[in-house]
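Spelled out, the chains give:
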Amino acid sequence: MTSQRTRDRLIDRLKEQGIHNPAVLSVMRSTPRHLFIEEALAHRAYEDTALPIGLGQTISQPYIVARMTEALLETSPMEKVLEVGTGSGYQAVVLAPLVKRVYTVERIKALQKQAASRFRSLRLRNIRAYHRDGGMGLPEHAPFDGIIVTAAPEGIPKALVSQLRIGGVIIMPIGDKDEQILIRVTRTQEGYDKEFLERVIFVPLLGGIS
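None of these values were measured; they are calculated from a predicted model.

**A few points about the overall build of the chain**
Item 1. A count of helical and extended segments in the chain gives six helices and nine strands.
Item 2. The C-alpha radius of gyration computed for the chain amounts to 16 Å, which stays within 12% of the reference 17 Å derived for 210 residues, consistent with globular compactness.
Item 3. Taken along the three principal axes of its C-alpha coordinates, the chain extends 50 × 35 × 35 Å.
Item 4. Of all 210 residues assigned to the chain, the portion counted as buried reaches 50%.
Item 5. With the model as given, the accessible surface of the chain reaches about 10000 Å², and the carbon-plus-sulfur share is 51%.
Item 6. A distance of 7 Å separates the average location of the 28 positive side-chain charges in the chain from that of its 23 negative side-chain charges.

As structure tokens, this is what we get:
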């Protein structure tokens, strides 16, 4: 069991890095990150670093999860949010107390099943998990107030923008393996606006399912 002091140190680091939303900080403190990684790495769960989760994927560092969540919530009320790239399920579990409904899609079946099991064990009934090509989104459940993409395409996927309501936002990295930036895309009547947030490193967004 991780001590409260260990979690408090993580929250102190997040504050130092500019995370200020009290609700986001509270959720980051209470979310049991050690449940989302391999047992052999559990002692590193509350370090502010990305960690491998198998199958060539990683769990994002806590700062990035907090930063993307805070950036999503800054714009307007978020009732219905889509996450592209479930991975371990950590980002979805952070979102669950903060929005009404979370839809999350994962292209790797083994990860999707594992994450869905974690959602059930944590009794989070407002998360719906799908085995799907994330770049296509979930058009049958659109429009969404917000979308978080946890892997980097080289450009902005039009399919995802079209699934936002007007005024809705996507928080996502874009770029290639050498250079990526985190952006906020806001859908407008004419198309979309794009805002640079910071430089990041993510795994690439791949198509298809496995």
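**Notes on the environment of Arg-199**
Item 1. With respect to the helices and strands, the residue Arg-199 is situated in strand 9 (residues 192-200).
Item 2. Sequence separation of Arg-199 and Ile-174 is 25 residues, and the distance between their C-alpha atoms is 9.7 Å.
Item 3. Beyond its immediate chain neighbours, meaning those up to four positions away, Arg-199 contacts Glu-179, Gln-180 and Ile-181.
Item 4. Separated by 2.7 Å, the side chains of Arg-199 and Glu-179 make a polar contact.

**A look at the sheet that holds strand 5 (residues 127-131)**
Item 1. Spatial strand order, 5-4-3-6-7-8-9: seven strands in an open sheet with mixed pairing. What marks the edges here is a single partner per strand, and that holds for strand 5 and strand 9. Shown here is a sheet whose adjacent strand axes are inclined to one another by a mean of 15 degrees, direction ignored.
Item 2. Where strand 3 (residues 80-84) meets strand 6 (residues 144-149), four bridges bridge the pair, whose relative direction is parallel. Note that in strand 6 the partner of Leu-82 across the bridge is Ile-147.

**Digging into the side chain of Arg-7**
Item 1. As for its placement among the helices and strands, Arg-7 is situated in helix 1 (residues 4-16).
Item 2. No salt bridge forms around the buried Arg-7; measuring N to O, its nearest opposite-charge neighbour Asp-8 is 8.0 Å away.
Item 3. In this structure the side chain of Arg-7 is engaged in a polar contact, spanning 3.4 Å, whose partner is the side chain of Tyr-46.

The rules behind the values
Residues numbered from 1 in each chain as written. Predicted model: local features only at pLDDT ≥ 70, side-chain atom pairs only at ≥ 80, totals over all residues. Heavy atoms only, no water. Helix = DSSP H or I, 4+ residues; strand = E, 2+ residues; numbered from the N terminus. Rg over C-alpha atoms; globule rule 2.2 N^0.38 Å. Buried < 20%, exposed > 50% of the residue type's maximum accessible area, 1.4 Å probe, protein only. Areas by Shrake-Rupley, 256 points an atom, 1.4 Å probe, with all protein chains shown as cover. Lys, Arg positive; Asp, Glu negative; His and termini not counted. Charge placed at Lys NZ, Arg CZ, Asp CG, Glu CD. Contact = heavy atoms within 4.5 Å. Polar contact = N/O pair within 3.5 Å; in protein donor to acceptor, adjacent residues only side chain to side chain. Pairing = 2+ DSSP bridges. Axes fitted to C-alpha atoms, helices over the stretch in contact; angles between N-to-C directions. Salt bridge = Lys/Arg side-chain N within 4 Å of Asp/Glu carboxyl O.

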